There are 2 protein chains.
Amino acid sequence: MNYFFSKEIIDDKIILSNKEMIHCVKVLRHKVEDRIKVVDGKGNLYEVEISSITSDKCETKIINTKTIKNKVKVHLIICPTKNHKRIEWMLEKIVEIGVDRVSFIISKNTIRKNINMERLNKIALSAMKQTQNAFLPEIDDCIKFKDVFSLISSKEKYIAHLNKKNNIHLNLSINNTNSRCIMIGPEGDFTDEEVEYSLKKGFKEVSLGISRLRTETSGIVSTTILNL
Amino acid sequence: MNYFFSKEIIDDKIILSNKEMIHCVKVLRHKVEDRIKVVDGKGNLYEVEISSITSDKCETKIINTKTIKNKVKVHLIICPTKNHKRIEWMLEKIVEIGVDRVSFIISKNTIRKNINMERLNKIALSAMKQTQNAFLPEIDDCIKFKDVFSLISSKEKYIAHLNKKNNIHLNLSINNTNSRCIMIGPEGDFTDEEVEYSLKKGFKEVSLGISRLRTETSGIVSTTILNL
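Keep in mind that this is a model prediction, so the values were computed, not measured.

Digging into the overall build of chain A
Secondary structure summary: chain A contains six helices and 12 strands in total. Judged by the C-alpha coordinates and their principal axes, chain A covers about 60 × 35 × 30 Å. Intrachain contacts of chain A at a sequence separation of at least 6 include 73% that bridge at least 24 residues. Summing over all exposed atoms, chain A offers an accessible surface of approximately 11,200 Å²; the carbon and sulfur share of this is 48%.

Below you can see the structure in the form of structure tokens.
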């Protein structure tokens, strides 16, 4: 059961190009009249029939459409970890679990200032296809801490940090809305000033439990809880 | 803030030996009268003072003891993934999140039949120390599916699988007990017979949500939920 990805959908036609086309035609040797499955990353799953194959694209006709509704929109705002591999693993996991947008931010104590966007987008696409999840998250390249607030449209906004000991657990804080975001700090945590700034912007402080989780583990745990 | 690990606790003395001793004395160059922190993996965190150092051990005297209670006992029973790296990564994450016992089982569709116990125990120890979690899980080497049931002492027992579509979500199934276990199948899932067998043994079928999670992701997600 292979899923292909395409955003080129016009009326009842879907075009596969580039890598998706190569995978479909060259690797899996699909031919005209074969039926395959295509996702658009926005919750739509199509059954299509291949109508023509040229050297650079594969044209298909939609036979069936299934729209998967995701219960809740999740936006994860997170500082990149020093070790890029940890970000990659986390991204694979949260795409499986369910995330709509991932924004990487540079706070005062963030050591890594850049991420490999090409690699992360590739991992997200592959995780979406392998787990038969029809949603591909939007990934925002590293921006400054203060610049992320203009990107947020979630109704519920949380910041997890360890500067204060008595924050309520995220699981006990979430309400019954359908759009939630959480902000996770770097290895050295957010500064008091950053927490203050987020509170002024409508964020609520939360805890992720008694354990001191690594950054990428916090990303996975909070994405899991926000999807409940 | 380095934590050392020892199980050799006699009255008010704790002995560090082998790697822990080398790390303390050779790498971090601690000397007699230095104060360090030691965990026993069972929820006790000690502040100790080094009283003597010999060529093969470091003897310390307990100054303070802090006992951390874990809210709920979690037992994860899981089939090893084909790729050993994925098990290792999962183990690191679940030790951070909180797990008391991890049993690896070989079900009908499990491809990998063995795990590197030495490596897994090392990863668990390192994750425990790095996250300042005072609990080290017991890890059981691969055993046959049917042999695991005699190891289980949890009050609540769940099996997550995708053979049936209308299972209730784990999060809606958990009760207010303090010992819970969950069984996670391999890439090819449990067989109907295996699910039936577990139901006879008092397990309840649950879902982990609409996404089709990988085995190791299911392990992380369910450990997160069982800790809530």
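A word on the sheet that holds strand 10 (residues 156-160) of chain A
All names here are of chain A. An order of 9-8-7-11-10-12 is seen for the six strands of this open sheet, with the pairing classed as parallel. Bordering the open sheet on either side are strand 9 (138-144) and strand 12 (204-206), each of which pairs with just one other strand. Within the sheet, the average angular offset between the axes of one strand and its neighbour, ignoring direction, is 20°. Summarising the sheet, strand 7 (residues 73-78) and strand 8 (residues 101-106) pair through four bridges and their orientation is parallel. Bridged to Leu76 within strand 8 is Val102. Of the strands in this sheet, strand 8 and strand 9 are in contact with helix 3 (residues 117-130), which crosses strand 9 at around 150°.

Topic: a nonpolar patch on the surface
A cluster of nonpolar side chains, namely Ile22, Val27 and Leu28 of chain A, defines an oily patch on the protein surface of about 240 Å² accessible area. Given the relative accessible area of 44%, Ile22 of chain A is considered partly exposed.

Thoughts on the sheet that holds strand 7 (residues 73-78) of chain B
All names here are of chain B. Spatially, the six strands line up as an open sheet ordered 9-8-7-11-10-12, and their pairing is parallel. With one partner strand each, in any of the chains shown, strand 9 (138-144) and strand 12 (204-206) form the two edges of the open sheet. Pairs of neighbouring strands in the sheet enclose a mean axial angle of 20°, with direction left out of account. As paired elements, strand 8 (residues 101-106) and strand 9 share five bridges and run parallel to each other. In the sheet register, Val102 faces strand 9, and the bridge partner there is Ile139.

Considering the pairing of strand 3 (residues 13-17) of chain A
All names here are of chain A. Examined bridge by bridge, strand 2 (residues 9-10) and strand 3 share two bridges and lie antiparallel to one another. Following the sheet pairing, Ile9 is matched in strand 3 by Ile14. Two successive antiparallel strands, strand 2 and strand 3, enclose a turn made up of two residues, where Asp11 displays a positive phi of approximately 55°.

As for the interface of chain A and chain B
Contacts between the two partners involve 27 residues from chain A, matched on the other side by 27 residues from chain B. When chain A packs against chain B, the two sides together hide about 2,300 Å² of surface, and 59% of this comes from carbon and sulfur. Put simply, chain A and chain B have eight salt bridges between them. Among the salt bridges present, the one from Arg214 of chain B reaches Glu92 of chain A, with a minimum N-O distance of 3.3 Å. Along the contact surface separating chain A from chain B lie 14 residue pairs in polar contact (both at pLDDT 80 or more). Secondary-structure elements contributing two or more residues to the side of chain A that touches chain B are helix 2 (84-97) and helix 6 (215-226) of chain A. Here the side of chain A that touches chain B is built from residues that sort into 10 nonpolar, nine polar and eight charged.

Observations concerning the domain arrangement of chain A
All names here are of chain A. Here chain A is partitioned into domain 1 (3-67) and domain 2 (73-226). The distance between the C-alpha centroids of domain 1 and domain 2 comes to 33 Å. Facing 10 residues of domain 1, the contacting portion of domain 2 comprises eight residues. Together domain 1 and domain 2 conceal approximately 780 Å² of surface at their shared face, both sides included; 64% is due to carbon and sulfur atoms. It is Tyr3, Phe5 and Gly41 in domain 1 that bury the most area against domain 2; as a group they hold 54% of the surface buried on that side.

Definitions and cut-offs
- In every chain, residue numbers begin from 1 and rise along the written sequence.
- To read the labels, note that chains go from A and ligands from 1, taken in the order they are written.
- Local features in a predicted model are, by the rule used here, given only for residues with pLDDT of at least 70; side-chain atom pairs are given and counted only at 80 or more, and totals for whole chains, interfaces and linings are based on all residues.
- Hydrogens and water are ignored here; the side-chain numbers use all heavy atoms of the structure.
- Put simply, DSSP H or I for four residues or longer makes a helix, DSSP E for two residues or longer makes a strand, and each gets a number counted from the N terminus.
- What makes two residues a contact is simply this: any of their non-hydrogen atoms within 4.5 Å.
- Accessibility throughout is a Shrake-Rupley quantity obtained with a 1.4 Å probe, and a residue counts as covered only by protein chains that appear here.
- Paired strands, in this sense, are two strands between which DSSP finds at least two bridges.
- For every element, the axis is a line fit to its C-alpha atoms; helices are fit only across the contacting stretch, and the angle between N-to-C directions ranges from 0 to 180 degrees.
- Patches were defined on residues exceeding 30% relative accessible area and lacking a salt bridge, with like-charge contacts within 9 Å and nonpolar side-chain contacts (Val, Leu, Ile, Met, Phe, Trp, Tyr) within 5 Å.
- Salt bridge, as applied in this entry: a Lys or Arg side-chain nitrogen positioned within 4 Å of an Asp or Glu carboxyl oxygen.
- Throughout this description, buried means an accessible area under 20% of the type-specific maximum (1.4 Å probe, protein chains only), exposed means over 50%, and partly exposed covers the range between.
- Buried area: the accessible area, evaluated with a 1.4 Å probe, that two parts lose upon being put together, summed over both parts.
- Pairs of N or O atoms are called polar contacts if they sit within 3.5 Å, as long as, within protein, a hydrogen donor faces a hydrogen acceptor (for residues adjacent in sequence, only side-chain-to-side-chain pairs).
- In this count, Pro and Cys sit with the nonpolar residues alongside Ala, Val, Leu, Ile, Met, Phe, Trp and Tyr, while Asp, Glu, Lys and Arg are called charged and the others, Gly among them, polar.
- All the domain ranges listed were derived from an automatic or database domain assignment.

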